[in-house]
Amino acid sequence: MVHSIKHRLVGVLVAAVVGGLPLTLPGPALAAPKPPGSIFNPNLLLQGSGNAAEPSIRTDRFGRAFVIAPTGVPAGCKAFRVAHNGASATYIGQPDHTAGGGDCDWAIGPQETSATISPAATDDVLAYSSLTLPNITTGKSDDGGSSFGPPNVYSQQVGGDDRMWMAADPQLNSLGLANIFMTYHD
C-alpha cells in the first residue's frame, strides 16, 4: 500500500513538473504585447440594417469600409459606406434593385480610366454580387457607391448558383477597366 502511494505521489510530481515546463522554458512570449495605439473603433449600429444578415465588408484605399448584407430573396442586398474613423455610416441603397438578396459580396478595384465609361469614373470600382434564386445579379459603381449602374440579373452562364465570393485585380487591364473575379458554387 505504501508503495502504491509513493507511485501516485511521484506521478503527481512528474505531471506537475512536466506541466510547468512550458511556462519556465526560455523562448518567445506566448502573447506579444499590443502595439501602442492599436485599438478597434467603437461599435457602430448601421441604421436600417436590422433585417440584414451575413454581411460582406471591404475597405477601399481611402479607408472607407463598405458593407453589403442580404435581406432575403427577392428583398435584395442593403449597402452601407462607413467613414474611415468608424464614427458614422451612410446607407447607400440596394444596388441590386431588390432582385436578389440570398447572399451578397463586394470587390473593390482601382479607378477605371476607360473612355467607354459614361459618366467618367470618379472613384474606385465598387462591384457587387447578389444571389437570386435562378442566378447571380451583378453590377458596379464608379463613384464610391453614390450611384450604381443597372444590375445584370443573369450575369452567370450557369443557373442555380449559390454562395459567391469576389475579388478585384489591383491593376487596371489594358483597356483601362478593372478585372473583377468571382467564384461560386453551381
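For the structure, see preceding data.
Residues numbered from 1 in each chain as written. Predicted model: local features only at pLDDT ≥ 70, side-chain atom pairs only at ≥ 80, totals over all residues. Heavy atoms only, no water.

Engineer: So what exactly am I meant to see when it comes to the overall build of the chain here?
Structural biologist: Looking only at helices and strands, one finds one helix and nine strands in the chain. Tracing the chain from N to C terminus, the helices and strands come up as α-β-β-β-β-β-β-β-β-β. Out of the 186 residues belonging to the chain, those deemed buried represent 34%. Restricting the contact set of the chain to residue pairs at least 6 apart, pairs at least 24 apart contribute 49%. Looking at the chain as shown, the accessible area adds up to about 11500 Å², and 63% of this sits on carbon and sulfur atoms. (Helix = DSSP H or I, 4+ residues; strand = E, 2+ residues; numbered from the N terminus. Buried < 20%, exposed > 50% of the residue type's maximum accessible area, 1.4 Å probe, protein only. Contact = heavy atoms within 4.5 Å. Areas by Shrake-Rupley, 256 points an atom, 1.4 Å probe, with all protein chains shown as cover.)

Engineer: Is there a simple way to explain the sheet that holds strand S4 (residues 89-93) in this structure?
Structural biologist: Hydrogen bonds between backbone groups are what pair the strands of a sheet, and the pairing can be parallel or antiparallel. Taken in spatial order, the four strands of this open sheet run S1-S2-S3-S4, and their pairing is antiparallel. Looking along the sheet, the strands with just one partner apiece sit at the ends: strand S1 (56-59) and S4. Shown here is a sheet whose adjacent strand axes are inclined to one another by a mean of 25 degrees, direction ignored. As paired strands, strand S2 (residues 65-70) and strand S3 (residues 77-82) are joined by six bridges and run antiparallel to one another. Across the sheet, the residue bridging to Ala69 is Lys78, located in S3. (Pairing = 2+ DSSP bridges. Axes fitted to C-alpha atoms, helices over the stretch in contact; angles between N-to-C directions.)

Engineer: Quick question: what am I supposed to make of the packing of aromatic side chains here?
Structural biologist: By convention here, two paired aromatic rings are described through the distance between centres and the angle between planes. One pass over the structure, following the stated rule, counts four aromatic pairs. Ring centres 6.2 Å apart and planes at 75 degrees place the aromatic pair Phe66 and Trp106 in the edge-to-face group. With Phe66 in strand S2 and Trp106 in strand S5 (residues 104-109), this residue pair connects regions lying 40 residues apart in the sequence. Across this residue pair, the class does not change: Phe66 and Trp106 are buried. Ring geometry for Tyr128 and Phe148: centres 5.9 Å apart, planes at 80 degrees, overall edge-to-face. (Phe/Tyr/Trp six-rings, centres within 6.5 Å; stacked < 30°, edge-to-face > 60°.)

Engineer: Can you help me understand the pattern of salt bridges in this one?
Structural biologist: Two side chains with opposite charge may pair up if their charged atoms get near one another. The full count for this structure, using the stated rule, is six salt bridges. The partner of Asp60 in a salt bridge is Arg64, with the nearest N and O atoms 2.5 Å apart. The partner of Asp123 in a salt bridge is Arg64, with the nearest N and O atoms 2.7 Å apart. Taken together, the residues Asp123 in the loop between S5 and strand S6 (125-131) and Arg64 in the loop between S1 and S2 connect sequence positions 59 residues apart. Taken together, the salt bridges that share partners define one network made up of Asp60, Arg64 and Asp123. (Salt bridge = Lys/Arg side-chain N within 4 Å of Asp/Glu carboxyl O.)

Engineer: How do you make sense of the environment of Ser147 when you look at a structure like this?
Structural biologist: For Ser147, the position within the fold is in the loop between strand S7 (136-141) and strand S8 (162-168). Along the backbone, Ser147 and Pro95 are 52 residues apart, and their C-alpha atoms lie at a distance of 8.1 Å.

Engineer: How should the sheet that holds S6 be read in this particular structure?
Structural biologist: Judged by pairing direction, the sheet is antiparallel, and its three strands sit side by side in the order S5-S6-S7 without closing on themselves. Across the chains shown, the open sheet's two edge strands, defined by having one partner strand only, are S5 and S7. Each neighbouring strand pair of the sheet contributes to a mean axis angle of 15 degrees, computed without reference to strand direction. Pairing of S6 with S7, which is carried by six bridges, proceeds in the antiparallel orientation. Within S7, the residue paired with Leu126 across the bridge is Ser141.

Engineer: What's the story with the pairing of S4 in this structure? I'm lost.
Structural biologist: Along any regular strand, the residues point their side chains to alternate faces of the sheet. Pairing between S3 and S4: four bridges, direction antiparallel. The partner of Val82 across the bridge, within S4, is Ala89. Taken together, S3 and the strand that follows it, S4, pair antiparallel across an intervening segment of six residues, in which Gly86 is found at a positive phi of about 75 degrees.

Engineer: Explain the pairing of S7 to me, please; I cannot follow it from the model alone.
Structural biologist: Judged by how many residues are buried, S7 sits mostly within the fold: five of six residues are covered. Two successive antiparallel strands, S6 and S7, enclose a turn made up of four residues.

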